[in-house]
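Each chain, letter by letter, is given below.
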Amino acid sequence: AFVATLQTLEIPLFVVDEAHCISAWGHDFRPAYLNLGRVIAQLGNPTVLALTATATPAARDDILIQLGIPTVKPIVKGFDRPTLRYEVRRADSEQAKLKILKELFETGLEGTGIIYTATIKNALQVQHYLQEQLNLPVAVYHSKLQKQDRVSVHELFMQQNIRAVVATNAFGLGIDKPNIRFVVHYDLPGSVEAYTQEA
């Protein structure tokens, strides 16, 4: 058996991606991230690089405290992406939203993308509508799926075997796919930060 202790490792750089998850002020707080500060200390306080595209000022301050680097001055850049086009379509009912989805697919949504919903119920409803009414190959993704089903949906999406993943916010974090062509928010996200992360 191979056993390594933290004391024997020399780590020159400790990187935390999606660092907003460490903060109770962030839109996607994950308790497991709270251990990172302790790990950094056990590694002898290497240089820390914490990255996030969506941390508010309160979340940024909290991230620094949680990581044990409260005196560091964060580098903040804008999150505008000139290659993205943002658009809002108003709908006053579920039927109106489904009609808008139909129009989007009939008039120009190309490639593979993500359709975010606020609930599992809505994700299943939208998936059913797109398959039954438009004959589109789509998959659904939510936190209650079994692990093998989540992996299967992820693979279908990455290999572009489907047009869209209809998902709750359980999908998307850490997706590294350079050719996503659209992100549709069927339901409004809970915060501007959540919208920015998903977009």
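In the block above lies the structure referred to throughout.
Chemist: Just give me the short version of a nonpolar patch on the surface, but keep the residues and values in it.
Modeler: The grouping of Leu13, Val15, Leu49 and Leu51 at the surface amounts to a nonpolar patch, some 320 Å² of accessible area in total. In this fold, Leu51 is placed in the loop between strand S2 (47-50) and helix H2 (57-67). A relative accessible area of 38% means that Leu51 is categorised as partly exposed.

Chemist: Quick one: what's the story with helix H4 (residues 120-134), residue by residue and with numbers?
Modeler: Helix length check: H4, at 15 residues, gives a terminal C-alpha distance of 21 Å against a target of 21 Å (1.5 Å per residue), a fit within 8%. Turning to H4, its buried residues are Asn122, Ala123, Val126, Gln127, Tyr129, Leu130 and Leu134. Viewed end-on, H4 has its buried residues packed into an arc of 160 degrees, placing them on one side of the element. For H4, exposure combined with an orientation more than 90 degrees from the buried face picks out Lys121 and Glu132. Looking at the packing, one finds that the buried side of H4 touches helix H3 (94-106), strand S3 (112-116), strand S4 (138-141) and strand S5 (164-167). Directly after H4, the chain includes Asn135, whose backbone phi takes a positive value near 55 degrees.

Chemist: I'd like a rundown of the environment of Ala164, residues and numbers included.
Modeler: With respect to the helices, strands and loops of the structure, Ala164 is situated in strand S5. On the accessibility criterion, Ala164 (0% relative accessible area) is buried. Distance from Ala164 to Val183, taken between C-alpha atoms, is 9.1 Å for residues 19 residues apart in sequence. In this structure Ala164 touches Gly113, Ile115, Pro137, Val138, Ala139 and Phe182, once residues within four positions along its chain are discounted.

Chemist: Before we move on, can you summarise the side chain of Lys97 with the specific residues and values?
Modeler: Mapped onto the elements of the fold, Lys97 is located in helix H3. Given a relative accessible area of 18%, Lys97 falls into the buried group. Each residue touching Lys97, except ones within four places of it in the same chain, is listed here: Ala91, Tyr186 and Asp187.

Chemist: Can you break down the sheet that holds S3 residue by residue, with the values?
Modeler: Strand order in the open sheet formed by four strands is S4-S5-S3-S6, with parallel pairing between adjacent strands. Both outer strands of the open sheet, S4 and strand S6 (180-185), are each paired with one neighbouring strand and no more. For this sheet, the mean inter-axis angle between neighbouring strands, taken without regard to orientation, is 20 degrees. For S4 and S5, the ladder comprises four bridges, and the chain directions are parallel. What sits directly across from Val140, in S5, is Val166. In the packing of H4 onto the sheet, contacts are made with S3, S4 and S5, and the angle to S4 comes to roughly 175 degrees.

Chemist: How would you sum up the packing of aromatic side chains? Please name residues and give values.
Modeler: Scanning the entire structure with this criterion turns up two aromatic pairs. Ring geometry for Tyr86 versus Tyr195: centroids 6.4 Å apart, planes at 50 degrees, classification tilted. Of this pair, Tyr86 sits in the loop between H2 and H3 while Tyr195 is found in helix H6 (residues 192-198), placing the two residues 109 residues apart along the sequence. Look at Phe105 and Phe182: their rings are 5.6 Å apart centre to centre, the planes differ by 90 degrees, and that puts the pair in the edge-to-face class.

Chemist: Break down the pattern of salt bridges for me, citing the residues and quoting the values.
Modeler: Inspection of every chain in the model, using the stated rule, returns four salt bridges. The partner of Glu87 in a salt bridge is Arg85, with the nearest N and O atoms 3.3 Å apart. By relative accessible area, which is 41% here, Glu87 ends up partly exposed. Counted as one network, the salt bridges with shared partners bring together Arg85, Glu87 and Arg89.

Reading the values: rules and limits
- Residues numbered from 1 in each chain as written.
- Predicted model: local features only at pLDDT ≥ 70, side-chain atom pairs only at ≥ 80, totals over all residues.
- Heavy atoms only, no water.
- Patch = residues over 30% accessible without salt bridge, like charges linked within 9 Å, V, L, I, M, F, W, Y side chains within 5 Å.
- Areas by Shrake-Rupley, 256 points an atom, 1.4 Å probe, with all protein chains shown as cover.
- Salt bridge = Lys/Arg side-chain N within 4 Å of Asp/Glu carboxyl O.
- Helix = DSSP H or I, 4+ residues; strand = E, 2+ residues; numbered from the N terminus.
- Buried < 20%, exposed > 50% of the residue type's maximum accessible area, 1.4 Å probe, protein only.
- Expected span 1.5 Å × (residues − 1).
- Arc of directions from axis to C-beta.
- Contact = heavy atoms within 4.5 Å.
- Pairing = 2+ DSSP bridges.
- Axes fitted to C-alpha atoms, helices over the stretch in contact; angles between N-to-C directions.
- Phe/Tyr/Trp six-rings, centres within 6.5 Å; stacked < 30°, edge-to-face > 60°.

The analysis is restricted to geometry; functional conclusions fall outside its scope.
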